[in-house]
Amino acid sequence: MDEFTYRHGALHAEDMPIATLAEAVGTPFYCYSAATLRHHYNVLDNALAEAGLAERLICYSVKANSNLAVIATLAQLGAGADIVSQGELRRALEAGIPAEKIVFSGVGKTADEMRAALTVGILQFNVESLSEIDLLAETANAMGKTAQIALRVNPDIDAGTHEKISTGKAENKFGIAWEDAEAGFAHARALDGVAATGIDIHIGSQITELEPFRRAFEKIAGLLANLRADGHKIQRLDLGGGLGVPYGRDNDTPPDPLAYAQIIADVLGDSGCTIMLEPGRLIAANAGILVTSVIRTKQGAASREGGKNFMIVDAAMTELIRPTLYDAHHHIAPVAENEAATKQWDVVGPVCETGDYLGLDRALPVLESGALLAVFAAGAYGAVLGSAYNTRLPAPEVLVDGEKWAVVRARPDYQTLLDGEAIPDWL
Ligand code: LLP
């Protein structure tokens, strides 16, 4: 469910016409719906509650969309945060997430980052290697603190997703190898400065089947039993994120959050542990669209079989890299509903890369220069993966909440972009 709907033929974000926003901020821009963010968070939280998981914490995975206003919207609902860098720590705190609801994930935490997180007193570090545990123990000891840690284990499960966003297979860089997991906990127990009180997994992203989750949770249940038999005091199970979302508007059926919650409850409900989740895409993806204007259309070699029609728009791989990086499909539709006959178009950006496209072979009407298009499900892994390649200005972000709206990240000007660079005085 999302709050991007057509009213009298005009696409709206909640109560705001997209065309009005486009006029005010210019294109391309991202538009987020606060009501949709809240709805997605509440659907998941209610599903967990309904499945009887009373002790729970949803840590929004900030990497999916780290705009301060987006994080603040979720902070107000009681969300925690899953962060992977000192920069994301700064954002989460600034947006109002309490330190004691923050988990720090990632394979490459530095001593500096550990100190920053220890200073504010985060809930948990998800550690991914023995050498990381050693560095954290040393860093915490030097500060007179004890870090609560969860060992991220790699369950060697194929989540059935795109190879670039699969994380739970033995060949992926993530987590401590399954066969080393118990030794890892024993290693941590012998150190001052860390308390190994949690188990963590994250098997991948955009996972559309529930079975891989079930298999992973079952492995965790087995590990938990062994660790407890060995005297470890495990209090938290962090089950990661990864639940898939619909990208095609009407035609794909993502997994049901309640069925997912039920599997957690079936397998781990009587563990006595707090159940933690790290959803990113589930909350943010369908809470955002990318709005772009048609620059012009052109035809490829018409004489050739399969000659292409190109719709050249002012958004590009610099605003949404998912189509070219992960072969991802994002629904694209005119902002003003249009019943005219359609043709097949490659919707492409102005960037000088053959891979610069937002959608291939899309049925769309012939549109004039300046016509607006919406690229759906761009709220997660859109703006955060943006770049200024070809010296394009990063697109602004707008948050709509009912009839209210605000620019929550402005488009910089060219001078600001150039001011960050310098020509050395010897040149
Ligand atoms: N927790 C950890 C440790 C993660 O690495 C991730 C995502 C998440 C949680 C959130 O996963 P989600 O619920 O959003 O699936 N750029 C890619 C996705 C990369 C995901 C990286 N890790 C894309 O656009 O598909």
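*Asks:* I tried to follow empty space enclosed by the protein on my own but got confused; where do I start?
*Replies:* Empty space among the atoms becomes apparent when a probe as large as a water molecule is rolled across them. One pass over the full model with this rule turns up one cavity of 30 Å³ or more. Taken together, Leu44, Gly240, Gly241, Gly242, Leu243, Tyr260, Leu277, Glu278, Pro279 and Leu282 make up the full set of residues lining the largest cavity.

*Asks:* How do you make sense of the pairing of strand β2 (residues 10-13) when you look at a structure like this?
*Replies:* Remember that side chains alternate between the two faces of the sheet whenever the strand is regular. Two strands pair when backbone bridges link them, and strand β1 (residues 4-7) and β2 are joined in this way by four bridges, in the antiparallel orientation. Bridge pairing in β2 places Arg7 opposite Ala10. Where β1 hands over to β2, the hairpin turn is made up of two residues, of which His8 adopts a positive phi near 50 degrees. What sits between β2 and strand β3 (residues 16-17) in their antiparallel hairpin is a turn of two residues, with Glu14 showing a positive phi close to 50 degrees.

*Asks:* Before we go on, may I ask you to explain the layout of surface pockets in this structure?
*Replies:* In this structure, the largest pocket occupies an estimated 670 Å³ of space. Mapped onto the lining of the largest pocket, the elements with two or more residues apiece are α10 (281-284) and α11 (322-326). Grouping the amino acids of the lining of the largest pocket by side-chain chemistry returns eleven nonpolar, eleven polar and twelve charged. In terms of domain composition, the lining of the largest pocket takes at least three residues from each of domain 1 (4-32 + 285-418) and domain 2 (34-280). Space inside the second largest pocket adds up to approximately 480 Å³. The wall of the second largest pocket is formed by 24 residues, among which Met1, Asp2, His40, Pro246 and Asn286 lie closest to the centre. If one sorts the elements of the lining of the second largest pocket by residue count, helix α2 (residues 34-50) sits on top with four residues. Looking at the lining of the second largest pocket, its residues break down into 14 nonpolar, six polar and four charged. Each of two domains, domain 1 (4-32 + 285-418) and domain 2 (34-280), supplies a minimum of three residues to the lining of the second largest pocket.

*Asks:* Explanation requested: the packing of aromatic side chains in the structure shown.
*Replies:* The geometry of two aromatic rings is summed up by the distance between their centres and the angle between their planes. Taken as a whole, this structure holds five aromatic pairs when the rule is applied. When the ring of Tyr30 is compared with that of Tyr32, the centres are 6.4 Å apart and the planes differ by 25 degrees; the resulting orientation is stacked. On the basis of relative accessible area, Tyr30 is assigned to the buried category, the value being 1%. A centroid spacing of 5.0 Å and a plane angle of 70 degrees characterise the contact between Phe213 and Tyr260, whose relative ring orientation is edge-to-face. A residue pair is termed long-range when its members are at least 10 positions apart, and Phe213 in helix α8 (residues 211-229) and Tyr260 in helix α9 (residues 257-268) qualify at 47 residues.

*Asks:* What exactly am I supposed to notice about the site of the ligand here?
*Replies:* Taken together, 18 residues surround the ligand, and among them Ser205, Glu278, Arg322, Tyr326 and Tyr381 come closest. Separating a nitrogen atom of the ligand from a side-chain N or O atom of Tyr326 is a distance of 2.7 Å. In this structure the site holding the ligand corresponds to the largest pocket. Considering only residue class, the shell around the ligand consists of five nonpolar, seven polar and six charged. A domain-level breakdown of the shell around the ligand finds at least three residues from each of domain 1 (4-32 + 285-418) and domain 2 (34-280).

*Asks:* Got a minute to help me understand the nonpolar core in this structure?
*Replies:* Nonpolar side chains in soluble globular proteins tend to end up buried together. Counting residues in each nonpolar core, the largest one holds 106 residues, and the members touching the most others are Phe125, Ile149, Ile199, Phe217 and Leu237. Ile18, Val25, Ala333 and Val400 belong to the second-largest nonpolar core, a separate cluster that totals 19 residues.

*Asks:* How do you make sense of the environment of Lys169 when you look at a structure like this?
*Replies:* With respect to the helices, strands and loops of the structure, Lys169 is situated in the loop between β9 (147-154) and β10 (176-177). Along the primary structure Lys169 and Ile133 are separated by 36 residues, whereas in three dimensions their C-alpha atoms are 22 Å apart. Here Lys169 is in contact with Asn154, Asp156, Ile157 and Asp158, once residues within four sequence places are set aside.

*Asks:* Just to check I follow, could you spell out the sheet that holds β2 for this structure?
*Replies:* Pairing between the strands of a sheet comes from backbone hydrogen bonds, and it takes one of two forms, parallel or antiparallel. Taken in spatial order, the three strands make up an open sheet running β1-β2-β3, and their pairing is antiparallel. Across the chains shown, the open sheet's two edge strands, defined by having one partner strand only, are β1 and β3.

*Asks:* Explain the packing of helix α7 (residues 181-189) against α8 to me, please; I cannot follow it from the model alone.
*Replies:* Helix-helix packing: each pair is described by the crossing angle between the helix axes and the interaxial distance. Here α7 crosses α8 at 40 degrees, and the two axes come no closer than 11 Å. Relative to α8, the element α7 is oriented oblique. When you trace α7 past α8, the crossing you get is right-handed. Residues Ala181, Glu182 and Phe185 of α7 form the contact with α8, whose participating residues are Leu223, Asn226 and Leu227.

*Asks:* Explain the domain arrangement of the protein chain to me, please; I cannot follow it from the model alone.
*Replies:* Where the parts come together, the accessible area they lose is often given as the size of the interface. Under the domain assignment used here, the protein chain contains domain 1 (4-32 + 285-418) and domain 2 (34-280). Taking only C-alpha atoms, the centre of domain 1 and the centre of domain 2 are 32 Å apart. Counting residues at the interface gives 25 residues for domain 1 and 23 residues for domain 2. Summing the contributions of domain 1 and of domain 2, the shared interface buries around 2,100 Å²; its carbon and sulfur component is 54%. Considering only the surface of domain 1 that becomes buried against domain 2, Asn286, Tyr326 and Tyr381 emerge as the three largest contributors, covering 25% of it. Across the domain 1-domain 2 interface, the total number found is one salt bridge.

Cut-offs and rules
- Residues numbered from 1 in each chain as written.
- Predicted model: local features only at pLDDT ≥ 70, side-chain atom pairs only at ≥ 80, totals over all residues.
- Heavy atoms only, no water.
- 1 Å grid on protein atoms, 1.4 Å probe; cavity = no way out; pocket = protein on both sides within 12 Å on 5 of 7 lines; lining within 4 Å.
- Points joined across faces, edges and corners; volume = space filled by probe spheres on them.
- Pairing = 2+ DSSP bridges.
- Helix = DSSP H or I, 4+ residues; strand = E, 2+ residues; numbered from the N terminus.
- Nonpolar A, V, L, I, M, F, W, Y, C, P; charged D, E, K, R; others polar.
- Domains from an automatic or database assignment.
- Phe/Tyr/Trp six-rings, centres within 6.5 Å; stacked < 30°, edge-to-face > 60°.
- Buried < 20%, exposed > 50% of the residue type's maximum accessible area, 1.4 Å probe, protein only.
- Near = heavy atom within 4 Å.
- Polar contact = N/O pair within 3.5 Å; in protein donor to acceptor, adjacent residues only side chain to side chain.
- Sits in = over half its atoms within 2 Å of the grid points.
- Core = buried A, V, L, I, M, F, W, Y, C linked by side-chain atoms within 4.5 Å.
- Contact = heavy atoms within 4.5 Å.
- Axes fitted to C-alpha atoms, helices over the stretch in contact; angles between N-to-C directions.
- Parallel < 35°, antiparallel > 145°, perpendicular 65-115°, else oblique.
- Left-handed = near helix turned anticlockwise from the far one by under 90°.
- Buried area = accessible area lost by both parts, 1.4 Å probe.
- Salt bridge = Lys/Arg side-chain N within 4 Å of Asp/Glu carboxyl O.

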